[in-house]
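# Tertiary structure, described
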Amino acid sequence: MLAEVSGREDRADRTRTELAQQTRVGEALVKGLVRAQLALALRLSLVVMIGLGGLPWLFAIAPSVGRVTVLGVNLPWLLLGVASFPFLIGVGWAYVRLAERNEQDFTDLVQRPER
């Protein structure tokens, strides 16, 4: 029983050492984290590009939508000038949450005892 606990601690220490000494294993682990964070950033960038970049296309394809008024203000102004800010804040919040989850998964992987 005591040997199992010692073995788990040795494995976690070994992994931390590989990260600190930048061995091939440590480098592969860090590259995996960087790749996951990059993929997340690209996916959410695509959401923003479609969400905000698609609005001018919508107004060009359907000009009648661009002429709609809400409370005396044209819909394009409301969407691009007002609704875009909560949208961007929501995407930013989602990015932070998902990036923290990626980092937590990485930490769990590094500290996971050998099975």
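Below or above, wherever it landed, is the structure these notes cover. In this text the structure is predicted, and so the values were computed from the model without any measurement.

Per the secondary structure count, the protein chain includes 4 helices and 2 strands. Considering the protein chain as a whole, with its 115 residues, one finds that 17% of them fall into the buried category. A separation threshold of at least 6 residues defines the contact pool for the protein chain, and within that pool the share at least 24 residues apart is 70%. Carbon and sulfur atoms provide 65% of the accessible area of the protein chain, an area that totals close to 8700 Å².

Okay, the side chain of Ser84 next. With respect to the helices, strands and loops of the structure, Ser84 is situated in helix α4 (residues 75–111). In terms of polar contacts, Ser84 uses its side chain to reach the backbone carbonyl oxygen of Leu80, at 2.7 Å. Excluding residues that lie within four positions of it along the chain, Ser84 makes contacts with Leu52 and Leu79.

Turning our attention to the side chain of Gln37. Note on placement: Gln37 falls in helix α2 (residues 24–61). At 2.9 Å, the side chain of Gln37 and the side chain of Asn102 are in polar contact. Not counting chain neighbours up to four residues away, the residues in contact with Gln37 comprise Tyr95, Ala99, Asn102 and Glu103.

Here we take up a nonpolar patch on the surface. There is a patch of nonpolar side chains on the surface, built from Leu46, Met49 and Ile50 and spanning about 330 Å² of accessible area. With respect to the secondary-structure elements, Ile50 resides in helix α2.

With that out of the way, let us pick up the packing of α2 against α4. At a minimum axis separation of 10 Å, α2 and α4 run at an interaxial angle of 165°. Between α2 and α4, the interaxial angle falls into the category roughly antiparallel. At the point where α2 passes α4, the crossing takes the right-handed sense. Across the contact of α2 with α4, the residue classes break down as 24 nonpolar, 4 polar and 1 charged.

Taking 1.5 Å as the rise per residue, α2 with 38 residues should run 56 Å; its terminal C-alpha atoms sit 52 Å apart, in good agreement. Taking the largest bend as the criterion, α2 deviates by roughly 35°, centred on Gly54, and proline Pro56 comes between one and four positions later. Looking at α2, one finds that the buried residues are Gly26, Leu33, Gln37, Leu40, Leu44, Leu55 and Phe59.

Right, let's talk about unusual backbone geometry for a bit. Of note in this structure, Leu71 is not a glycine but carries a positive phi near 55°. For Leu71, the position within the fold is in the loop between β1 (69–70) and β2 (73–74). Looking at Leu71, the relative accessible area reads 85%, which means it is exposed.

The end-to-end C-alpha separation of α4 is 52 Å, in line with the 54 Å expected for 37 residues at 1.5 Å each. Of all the bends found along α4, the most pronounced is centred on Ala83 and spans about 45°, while Pro86, a proline, follows it within four residues. Buried within α4 are the following residues: Leu75, Pro76, Ser84, Val91, Ala99, Asn102, Phe106 and Val110.

Here is what the cut-offs are and how they apply
- By convention here, each chain's residues receive numbers from 1 onward along its written sequence.
- In keeping with the model being predicted, local features are shown solely for residues with a pLDDT of at least 70 and side-chain atom pairs are shown and tallied solely at 80 or more, while totals for entire chains, interfaces and linings include all residues.
- For the side-chain quantities, the full set of heavy atoms in the structure was used; hydrogens and water were omitted.
- By definition, any uninterrupted DSSP run of H or I lasting at least four residues is a helix, any uninterrupted run of E lasting at least two residues is a strand, and each is numbered from the N terminus.
- Note on classification: 1.4 Å probe, protein chains only; a residue is buried when its accessible area is under 20% of the maximum for its type, exposed when over 50%, partly exposed between these limits.
- In what follows, a contact means two residues having at least one pair of non-hydrogen atoms within 4.5 Å.
- Here the accessible surface of atoms and residues is derived via Shrake-Rupley with a 1.4 Å probe, and residues count as covered only by protein chains that are part of the display.
- Polar contact criterion, stated in full: a pair of N or O atoms within 3.5 Å, where within protein one must be able to donate a hydrogen and the other to accept it, and residues adjacent in sequence count only if both atoms are side-chain atoms.
- Nonpolar side chains (Val, Leu, Ile, Met, Phe, Trp, Tyr) are joined into patches within 5 Å and like charges within 9 Å, using only residues with over 30% relative accessible area and no salt bridge.
- By convention in these notes, a salt bridge is any Lys or Arg side-chain nitrogen within 4 Å of a carboxyl oxygen on Asp or Glu.
- Here, axes are lines fitted to C-alpha atoms. For helices the fit covers the stretch in contact, and angles between N-to-C directions go from 0 to 180 degrees.
- For this classification, under 35 degrees means roughly parallel, over 145 means roughly antiparallel, 65 to 115 means roughly perpendicular, and everything else is oblique.
- Note on convention: the crossing is left-handed when the near helix lies turned anticlockwise from the far helix by less than a right angle, right-handed when the turn is clockwise.
- Gly falls in the polar group here, along with every residue not listed as nonpolar (Ala, Val, Leu, Ile, Met, Phe, Trp, Tyr, Cys, Pro) or charged (Asp, Glu, Lys, Arg).
- The span expected for a helix works out to 1.5 Å for each residue beyond the first.
- What we call the bend at a residue is the angle made by axes fitted to the seven residues finishing there and the seven residues starting there.

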